[in-house]
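The residues making up each chain are set out below.
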Amino acid sequence: MAGLATTFGSGAMTNSINEIEAAEVILVSGSNTTEAHPQVARRIYAAKDRGAKLIVIDPRRTAIARLADLHLALKPGSDIPLINGLMKVILDENLADDLFIELRTENFFALRDYLYRLDLAEVYRQTGVAPEELRRAALLYGRAGKAVICYCLGVTQHVCGTANVEVLANLAMLTGNVEKEDAGVDPLRGQNNVQGACDMGALPGMLPGYQPVTDPEARQRFAAAWGVEPPAWPGRTLLAMTHGREPDSGDGPVSKSDSPAAKPGGAGGADQPGQPDPASGIRALLIMGENPLLSDPDLNGVAENFRRLDFLAVSDIFLTETAAQADVVFPAACFAEKDGCFTNTERRVQLISRAVAPPGQAKSDLEIIAALSQQLGYPMDYQSAAEVMEEIALLTPIYGGIYHDRLAGGWGLQWPCWDRQHPGTPYLHKYYFTRGRGRFAVAEHQPPAESTDADYPLLLNTGRVYHHYHTGSMTRHSAILNRECRHPLLQINPADARARQIAGGEAVRLISRRGEVEFKAELSQQVPPGMVYGNFHFAEAPINQLTTTASDRRARCPEYKICAVRLEKAGGDEGRRP
Amino acid sequence: MSDQYLLSRDHLAPLLRRLAKEYRLVAPVRNDHGDTMFQEIANPVATVPDLESQPQNSLKDFLFPQQEHLYDYRLDDAGGYHFQPPATTTPPTLFFGVRPCDLNAVLYLDVVFLPGRRELSYRRRRENSLLIGLNCNQPFADCFCAAVNAGPFLEEGSDLQLTDLGRDFLVEVGRAGGAEIIRRWPHFFRSAPAEERNRRFQLYLEARGGFSRQVHADQAIKRLAADTLPSGVWEELATRCQDCNGCAYLCPTCTCFTIVDQPQDQHHGRRLRLWDACTATGFTAMAGGHNPVQPGKDKLRQRFRHKLELDVKKHGRPSCMGCGRCVGACFGGADILHFINLAGR
Ligand code: SF4
Ligand code: SF4
């Protein structure tokens, strides 16, 4: 998000999903596309059937990596030098799109000078990707007429996540692969409506439509509609709320001037009247549809912080691990039990209609929020979700032409959609970038926050499996999905398993500086030696007790993808039934 | 089919209205979202069947539903189960506008579920149903029924079989239920002159030429039987299949199921039968974790061998009816057409 916002001016997929099908070269980075985004993967398959070339960058040999023409199995956390290396080869081979760079971008010389000095031998040392492979990838991507980059959490969930995205954006701009159909840079959003949540201002420093809270004019517009002025300073980040403090960023402790609460931009700053001291603890939390007691890094820290709260309210469709700790639980309606909209990864706003009535006392999120607001002395009298949408259109320029009646009976509209006549926008940045010119940002290798040592000799990578979703609060209620994937598995390379005399199916204990968790071993060539891979769907093996809160300084996204661990047989438990 | 009549297009709606008084009427209906589905028509005056599009679901949804409530159970203190079948009623149902592939699929379900006396609910539903078929003058985009001898026209199996002649439908009488309809409501039908019967044949020939795909199913069937598939076919399909089970759920002839208990409280619960699919890795996994099917290598072998090899041996015909549903649904291009094409490589 933040990475694309700084370079292009807008943090969303620049293409539509079906454009991927027409690309000549597809570069997939840090995305287990087949398991996490099957609807995108099917376009990649279709593109391959039509002769497109596929490059996959991933430390693991995932299904999509097996399908690839070229799989670059980089060392975890070495995305920046790898992409820089690709760009250097492209530059050396004269494959850069000079006209595009000249007309549409800025700060190119800084990047060029940096790349001239870059030593490819050093890149090899940092990434583990052989120079010939790097060259092949660079030529493939650089020579393509239309190339698409798809990336996911494998790129962003690092201490250098924002910079990782920026270098991918650089690569696209260097070759002129943005601002046109079938070419672009596409962050794949993991949840049906995470794009919508961001669009609606579920970000610490943004009002709906990416209007910064620090912009007095934007605040005025909302104040006029709501009768109260929103705070002029950014709210806290997710980890600051769930851990009760700002997490460490990879490059040392956060200084006060670094914290997002004190970002420049006019009205920010701790001296703002009424602004709470960022160091002060949070006393009460309302959590909607999230399960931080399973999904957040360093779970012990979260649990400790929740115990310190005066009050915790949770709204969810099932009694999750987090809801079970709450003082008050609001039973919420699920997607099929309410009206409204979801905005998917390609910025497409789609209407959903209630198909069945919510069970028992469950209510839609809108009803829950409105009732709560009423109790707090601010009545919200929206008659329907459609009426809320009208307010969104009024206050959020990119949603300016999106109304329920326009969405009904079609496949929705892609923002930006400025007014009722606007047909929506299949791909972004046509003719000019949202921020004017695309900005090349130079980035250097930043090692992961935690590296291996004698005590913790392995790297742990976390992710998802196909059959479960997030913390399993929905999928683990399904008999068939549970049968497909019932046990928390840890993928271990057979060589690492042999060295520890671990057999497939055996119980193993994984230990990091923050905790220990038991899994069943799955010996797999999908992970390279030195790396293990697990998922976070299982409450009985809460892998996030191990992960670190070290996070990207700008986007505040934690480094879920790398932490140092040690692996042992779960002693004394042999023969115990799983 | 011997007796042939004409039914004027104008009289179709009144006929359905008449029949809906005696039967629960199920027919393809285009819904508000633009999808055509077989569904119950409560009010045939307000809802007209959509005979222009292929329904996304098949009659399997009705005869072998996705979720079947088998028993209510009670657990006694010693851990013993006591079962009680739920009270059910099976209304007589008339399925209207069934295409030849889907009708042949029902005949196949009969072969699976009717012999023996165990499948009582299927038998009850089937014995209480009438099938009015509709021949396909123009095959849909993904169809290949002709390649597996399941269409585009149906020779036998329905109660009444319609062919769209334009102003009229030609009505052929098949099984006893159809003759009964003609006997009870004769005023809707007039006997068909010879030239209209000849037009049926003409339309049939045109329909056979109307397929947009050339599908060499026999070759795949032969190669499966002789075990001479080109190498790498199963591996390629296994990498492409994304485990969604969509093909099996939509397929009118896929009949895998699983049985689960759904506890209501400590002592009571419901035993349900749910659709399942051999494309799911866990379907073949055994208790100890061993799996005779290696997901990375031969995940789709079961499905295609069952349809195009084992059923040919057992029943003399493939159990793929060429409806094309899995072709439109598959995420990865691992559908049966893709297999047939790979097998013919
Ligand atoms: S295998 Fe596919 S084409 Fe054949 S009957 Fe089943 S869904 Fe239709
Ligand atoms: S529809 Fe395709 S992807 Fe889904 S299970 Fe069937 S073969 Fe696999």
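The structure displayed is predicted, hence computed values, not measured ones. (Residues numbered from 1 in each chain as written. Chains lettered and ligands numbered in written order. Predicted model: local features only at pLDDT ≥ 70, side-chain atom pairs only at ≥ 80, totals over all residues. Heavy atoms only, no water.)

(A) Just the overall build of chain A, in detail. Counting secondary structure elements, chain A contains 22 helices and 21 strands. For chain A, the C-alpha radius of gyration of 24 Å lies close to 25 Å, the compact-globule estimate for 578 residues. Counting only C-alpha atoms and orienting by the principal axes, one finds that chain A spans roughly 65 × 65 × 50 Å. Considering chain A as a whole, with its 578 residues, one finds that 54% of them fall into the buried category. Pairs at least 24 residues apart make up 71% of the contacts formed inside chain A by residues separated by at least 6 positions. As displayed, chain A offers around 24,600 Å² of accessible surface, 52% of which is attributable to carbon and sulfur atoms. (Helix = DSSP H or I, 4+ residues; strand = E, 2+ residues; numbered from the N terminus. Rg over C-alpha atoms; globule rule 2.2 N^0.38 Å. Buried < 20%, exposed > 50% of the residue type's maximum accessible area, 1.4 Å probe, protein only. Contact = heavy atoms within 4.5 Å. Areas by Shrake-Rupley, 256 points an atom, 1.4 Å probe, with all protein chains shown as cover.)

(B) Expanded view of the environment of Asp243(B). With respect to the helices and strands, the residue Asp243(B) is situated in the loop between α8 (233–240) and α9 (246–250). Asp243(B) gets classed as buried once you look at its relative accessible area, which sits at 13%. When the C-alpha positions of Asp243(B) and Thr255(B) are compared, they lie 17 Å apart, and in sequence the two are twelve residues distant. If sequence neighbours within four positions are ignored, Asp243(B) has contacts with Tyr466(A), His467(A), Thr279(B), Thr281(B) and Lys299(B).

(C) Quick peek at helix α16 (residues 299–308) of chain A. All names here are of chain A. Within the sequence span of α16, burial applies to Leu299, Gly301, Val302, Asn305 and Phe306. Seen from one end, α16 has its buried residues packed into an arc of 155°, which puts them on one side. Exposed positions of α16 whose direction lies more than 90 degrees from the buried face are Arg307 and Arg308. Tucked inside the fold, the buried residues of α16 contact α14 (238–243), β9 (284–288), α15 (292–295), β10 (311–316) and α17 (321–324). (Arc of directions from axis to C-beta.)

(D) Structural detail: the interface of chain A and chain B. Counting residues at the interface gives 16 residues for chain A and 20 residues for chain B. Three residues stand out in chain A for area buried against chain B, namely Tyr45(A), Ile480(A) and Arg483(A), and they jointly supply 35% of the buried area on that side. At the boundary of chain A and chain B, one finds two salt bridges. Note that Arg483(A) and Asp276(B) form a salt bridge whose closest N and O atoms lie 2.3 Å from each other. Applying the counting criterion to the chain A and chain B interface returns six residue pairs in polar contact (both at pLDDT 80 or more). (Buried area = accessible area lost by both parts, 1.4 Å probe. Salt bridge = Lys/Arg side-chain N within 4 Å of Asp/Glu carboxyl O. Polar contact = N/O pair within 3.5 Å; in protein donor to acceptor, adjacent residues only side chain to side chain.)

(E) The state of the cysteines, seen in detail. Residues and elements named next belong to chain B. The final tally for this structure, using the stated rule, is zero disulfides over all chains. Cysteine 143 provides the cysteine sulfur closest to cysteine 145, a residue in no disulfide bond, and the two sulfurs are 6.0 Å apart. The class of cysteine 145 is buried, set by a relative accessible area of 8%. (Disulfide = S-S within 2.5 Å.)

(F) Layout of the packing of aromatic side chains. Counted by the stated rule, this structure contains 18 aromatic pairs over all chains. Arranged with centres 5.8 Å apart and planes meeting at 5°, the rings of Tyr81(B) and Phe83(B) form a pair that is stacked. Where Phe113(B) meets Tyr122(B), the ring centres are 5.0 Å apart and the plane angle is 40°; that geometry is what we call tilted. Of the two residues, Phe113(B) and Tyr122(B), both sit in the buried class. Here the aromatic cluster, defined as three or more aromatic residues joined through ring pairs, consists of Phe64(B), Phe113(B), Tyr122(B) and Phe257(B). The residue whose ring lies beneath Arg420(A) is Tyr403(A), and the NZ or CZ to ring-centre distance is 4.5 Å. Across the ring face of Trp275(B), the terminal group of Lys60(B) is positioned such that the distance to the ring centre comes to 4.5 Å. (Phe/Tyr/Trp six-rings, centres within 6.5 Å; stacked < 30°, edge-to-face > 60°. Lys NZ or Arg CZ within 6 Å of the ring centre and 35° of its normal.)

(G) Broad picture of the site of ligand 2. Around ligand 2, the structure places Cys241(B), Gln242(B), Asp243(B), Cys244(B), Asn245(B), Gly246(B), Cys247(B), Thr279(B), Leu300(B), Cys330(B) and Ala334(B). By residue class, the composition of the shell around ligand 2 is six nonpolar, four polar and one charged. (Near = heavy atom within 4 Å. Nonpolar A, V, L, I, M, F, W, Y, C, P; charged D, E, K, R; others polar.)

(H) Inspection of the domain arrangement of chain B at higher detail. Residue and element names in this part refer to chain B. The domain architecture assigned to chain B consists of domain 1 (4–57 + 91–208) and domain 2 (217–343). One C-alpha centre belongs to domain 1, the other to domain 2; they are set 28 Å apart. Taken together, the contact between domain 1 and domain 2 spans 22 residues of the former and 24 residues of the latter. Of the roughly 1,800 Å² buried where domain 1 meets domain 2, counting both sides, 59% is carbon and sulfur surface. Put simply, domain 1 and domain 2 have two salt bridges between them. In this structure, aspartate 102 and arginine 325 form a salt bridge, with 2.8 Å as the shortest nitrogen-oxygen distance. For the pair domain 1 and domain 2, the interface holds eleven residue pairs in polar contact (both at pLDDT 80 or more). (Domains from an automatic or database assignment.)

(I) View of the pattern of salt bridges. Considering all chains together, one arrives at 46 salt bridges over all chains under this definition. Here Arg135(A) makes a salt bridge to Glu93(A), at a shortest N to O gap of 2.7 Å. Taken together, the positions of Arg135(A) in helix α9 (residues 131–143) and Glu93(A) in the loop between α5 (79–92) and α6 (98–104) put the pair 42 residues apart, joining distant regions of the chain. When its relative accessible area of 31% is taken as the criterion, Glu93(A) is described as partly exposed. Note that Asp298(B) is salt-bridged to Arg301(B), the shortest N-O span being 3.3 Å. Classification of Arg301(B) as partly exposed rests on a relative accessible area of 24%.

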